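Close look at the chain arrangement
Listed here are the chains, written in short residue letters.
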Amino acid sequence: MPEPAVAVAGAQPLVGARLEAVLAELSGAPSMAAAARVLAEAFATAVGAPTVRLYALGEGDPALRLVAVAGDAAPAGADAIAADSHPVTLAARSLFAMRCDGGAIDGDGDPA
């Protein structure tokens, strides 16, 4: 049976004015790297984590690449996750973007 969720000391939920401030900072980020840093820092603060690492999977890239770190520095060799069998790599590869010009998707998952 899974452990019940427990609030971490120092966690600051990302709601209300705090969420608005993060979104404003994110919208003003001059680059993807800067936006990733904003997200990593916001997530670390929201959950009270000592470290947050964000990885990105580029189109056609076989490895997840480290794009931002908040908190402790990433250990040596943690700049990419390239193992095809790594659960994080498999999960990232299972995600895909979908666009629907018609504004709706019908019951079988196809654009209406």
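A brief structural summary. This is a predicted model, so every value here is computed, not measured.

Reading the values: rules and limits
- Residues numbered from 1 in each chain as written.
- Predicted model: local features only at pLDDT ≥ 70, side-chain atom pairs only at ≥ 80, totals over all residues.
- Heavy atoms only, no water.
- Helix = DSSP H or I, 4+ residues; strand = E, 2+ residues; numbered from the N terminus.
- Buried < 20%, exposed > 50% of the residue type's maximum accessible area, 1.4 Å probe, protein only.
- Areas by Shrake-Rupley, 256 points an atom, 1.4 Å probe, with all protein chains shown as cover.
- Core = buried A, V, L, I, M, F, W, Y, C linked by side-chain atoms within 4.5 Å.
- Contact = heavy atoms within 4.5 Å.
- Axes fitted to C-alpha atoms, helices over the stretch in contact; angles between N-to-C directions.
- Parallel < 35°, antiparallel > 145°, perpendicular 65-115°, else oblique.
- Left-handed = near helix turned anticlockwise from the far one by under 90°.
- Nonpolar A, V, L, I, M, F, W, Y, C, P; charged D, E, K, R; others polar.

**Considering the overall build of the protein**
Tallying secondary structure elements over the protein gives 3 helices and 3 strands in all. Starting at the N terminus and walking to the C terminus, you meet the elements of the protein as α-α-β-β-β-α. The buried share of the protein, reckoned over its 112 residues, is 16%. Surface summary for the protein: the accessible area is close to 7900 Å², and the carbon and sulfur share equals 61%.

**Some thoughts on the nonpolar core**
Formed by Ala36, Ala40, Ala44, Val52, Leu54, Ala68 and Ala70, the largest nonpolar core amounts to 7 residues. Every element with two or more residues in this core is listed here: α2 (32–47), β1 (51–56) and β2 (64–71). At 3 residues, α2 tops the list of elements feeding residues into this core. Ignoring anything within four residues of it in the chain, the contact list for Leu54 reads Ala36, Leu39, Ala40, Phe43, Arg65, Leu66, Val67 and Ala68.

**As for the environment of Arg93**
As for its position among the elements, Arg93 is in helix α3 (residues 87–93). The exposure class assigned to Arg93 is partly exposed, which follows from its relative accessible area of 37%. Expressed as a C-alpha distance, the spacing of Arg93 and Leu57, which sit 36 residues apart in the sequence, is 7.8 Å. Excluding its chain neighbours within four sequence positions, the residues that come into contact with Arg93 are Leu57, Pro62, Ala63 and Asp84.

**Quick look at the packing of helix α1 (residues 16–27) against α2**
Two numbers describe how α1 lies on α2: the axes approach to 9 Å, and their chain directions differ by 165°. For the element pair α1 / α2, the angle class is roughly antiparallel. Considering how the two elements wind past one another, α1 and α2 form a crossing that is right-handed. Between α1 and α2, the residues in contact are Val22, Glu25 and Leu26 and Ala35, Val38, Leu39 and Ala42, respectively. Class assignment for the residues of the contact of α1 with α2 results in 6 nonpolar, no polar and 1 charged.

No statement about biological role is implied by the geometric values presented.
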